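Descriptive analysis of the structure
In case you want the letters, here they are:
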Amino acid sequence: MSFDISSLEAYKQDFIDGFLTTLSASLLALVLSLAIGTVIAVIRLSRVRLLEWIGTVYVEFFRNTPLVIQVFFFAMGLPSIGIDISEFTAGAIGLSIYTGAFIAEAIRGGIQSVPSGQMEASRSSGMTYVQAMRFVILPQAFKLVIPPLGNQFINLVKNSSVLAIIAGGDLMYAADIVSSQTFQINLTYIFVALLYLVITLPLSYGVNRLERHLAQTV
Amino acid sequence: MFMNMKRWLAIAIIPVLAFSLAACGTDDAAKNSSVDAIKKRGKLVAGVKYDTNLFGFKDPADGQVKGFEIDLMKELAKRMLGDEKKLELKEVTSKTRIPLLNNGDVDILAATMTISEERKKEIDFSHVYFMAGQSLLVKKESGINGVKDLKGKVVMGAKGSTSVQNIKNVEPGIKIKEYENYADAFTALKNGKGDALTTDDSILMGMEQQAPGQVKLVGGHFTQEPYGFGLAKGNKELTDYVNKFLEDIQKDGTYDKLYKKWFKKDPPKNIPKDAVNKVLKK
């Protein structure tokens, strides 16, 4: 077993493409999953029976089934019924929907930690439910959910490796291809693990900074 | 006191039982694969595949293992031992087949194995019994008729296969997508995720029969993948016996009959007996 990094030189472009794909799929899914998670959390707490029910079904279904199955369905299942989306789109949608379920739970927890008097006070000063959520409850809740959200985003980046099974061209896919061609299995996967750290460590750091910053502004 | 002794006895007996079971296993195994030894044992142990449609495939409908290679092994057992029921099948994969043969767990391998120079260092091969070659599977209406039509197209394969490398060499400027296994790649082809699927035509033929009317094989062979039966290194007696068997069934028409049964066409003429795989230049 040798750790001669130069043997990977020939595959530079594969790693660059893989890194960019992982990064962009993660960023896209980060934005989408945050949007999905917020909407689902709000409707689960809306006290409108039907919306509550939809939110619960969403969370329980997507949180409790494997991401691999969801992504495989979007990549292979949808085309078989005539809806053709690219591997990248299938992967990003799968990641967003799956992570969205976890984020919804984190945000719901945050909203519920805001004292109930806040909502009562907002409503009694004439705000609608949506206005109260938008201007009073959510800004406070977001501060509380920064740490759990950070965890979800880090998981999201790592979970994006699921793109490899649908030939999504991400970092993990590049690693599979390069290792099977060079037989440099240890070297390739360790190198790729480091590339994942390049994305996840700054994310961790950023979340910690944001948490401290918000703590000071309260 | 009595209970205690019984317990100790049980503890002592279990390893003995396990050991004797293991010993039975080695008795059964084909440690000595000379023709006489196989005749004396009264059964031929063949390593075959269970997942390669048309060659060795476990039919989910009835649990029976069927295919061209299975029929060849049955015929060999019939001629050697007088009864095709004296054949014992053992499932092998591409990864396990050579170790199983070298351990003496099987007498012979009939497992879509390409004769190559590297493998010849490990084991011996019979004469060629099937000439496969890398080919293309495309959707019926794709308009692709061969490698020359692939420029700018998406070609799919399995991760780690040599087929993908071969096709890159034959026709640069192809976009490649590699899947975990051929089943996934085939699903992707049917769903239009790429334009062509490439590997040995023997594997592709099985897929073609699974989706009749949807996909077709095109492009002929651009590599040669001659399949031979694998035999233990230096077991010249059994190798000669198997080669003689191949000659016999080719002469008396049994080979043609079995080939037609599985591949629905006549076998190609004049397959070189001692071919080794090679990649053809464009």
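Values in this document were obtained by computation on a predicted structure and should not be read as measured data. (Residues numbered from 1 in each chain as written. Chains lettered and ligands numbered in written order. Predicted model: local features only at pLDDT ≥ 70, side-chain atom pairs only at ≥ 80, totals over all residues. Heavy atoms only, no water.)

All names here are of chain A. In this model, helix 2 (residues 49-63) (15 residues) spans 21 Å end to end at C-alpha, consistent with the 21 Å of a helix rising 1.5 Å per residue. Along helix 2, the residues that are buried comprise Gly-55, Tyr-58, Val-59 and Phe-62. All buried residues of helix 2 fall inside an arc of 90° around its axis, so they share one side. Structural note: helix 2 exposes Arg-49, Leu-50 and Trp-53 on the side pointing more than 90 degrees away from its buried face. For helix 2, the elements touching its buried residues are helix 1 (12-44), helix 3 (67-80) and helix 4 (87-113). (Helix = DSSP H or I, 4+ residues; strand = E, 2+ residues; numbered from the N terminus. Expected span 1.5 Å × (residues − 1). Buried < 20%, exposed > 50% of the residue type's maximum accessible area, 1.4 Å probe, protein only. Arc of directions from axis to C-beta. Contact = heavy atoms within 4.5 Å.)

With 61 residues, the main nonpolar core has Ile111(A), Leu137(B), Phe186(B) and Leu197(B) as its most contacted residues. In this view, Leu137(B) contacts Phe186(B), Leu189(B), Asp195(B), Ala196(B), Leu197(B), Leu204(B), Met207(B), Glu208(B), Val215(B), Lys216(B) and Leu217(B); residues no more than four positions away in its chain are not counted. Among the nonpolar cores identified, the runner-up in size contains 37 residues, and Tyr50(B), Leu54(B), Leu81(B) and Leu258(B) belong to it. (Core = buried A, V, L, I, M, F, W, Y, C linked by side-chain atoms within 4.5 Å.)

Turning our attention to the UniProt feature "transmembrane region" (unreviewed entry) in chain A. Residue and element names in this part refer to chain A. As recorded in UniProt, the feature "transmembrane region" (unreviewed entry) lies at residues 20-43, 64-82, 88-111, 156-175 and 187-205. End C-alpha atoms of residues 88-111 are separated by 33 Å, and the span's content is 100% helix alongside 0% strand. As annotated, residues 156-175 comprises 45% helix and 0% strand, and the C-alpha atoms at either end are separated by 19 Å. (UniProt positions renumbered as here; feature names shortened; annotations may be inferred.)

Here we come to the interface of chain B and chain A. A common way to state how big an interface is: give the accessible area lost once the parts meet. Chain B puts 15 residues into the contact, and the matching count from chain A is 18 residues. For the chain B and chain A pair, buried surface summed over both sides reaches about 1300 Å², with 48% attributable to carbon and sulfur atoms. On the chain B side of the interface with chain A, the three residues burying the most area are Lys159(B), Asn191(B) and Lys193(B), jointly 41% of the side's total. Between chain B and chain A we count 3 salt bridges in total. In this structure, Asp176(A) and Lys159(B) form a salt bridge, with 2.7 Å as the shortest nitrogen-oxygen distance. The interface formed by chain B and chain A includes 7 residue pairs in polar contact (both at pLDDT 80 or more). Breaking the side of chain B that touches chain A down by element, the ones donating at least two residues are helix 6 (162-170), strand 10 (175-179) and helix 7 (182-190) of chain B. Considering each element in turn, the side of chain B that touches chain A owes the most residues, 4 residues, to strand 10 of chain B. In the side of chain B that touches chain A, the residues fall into 3 nonpolar, 5 polar and 7 charged. (Buried area = accessible area lost by both parts, 1.4 Å probe. Salt bridge = Lys/Arg side-chain N within 4 Å of Asp/Glu carboxyl O. Polar contact = N/O pair within 3.5 Å; in protein donor to acceptor, adjacent residues only side chain to side chain. Nonpolar A, V, L, I, M, F, W, Y, C, P; charged D, E, K, R; others polar.)

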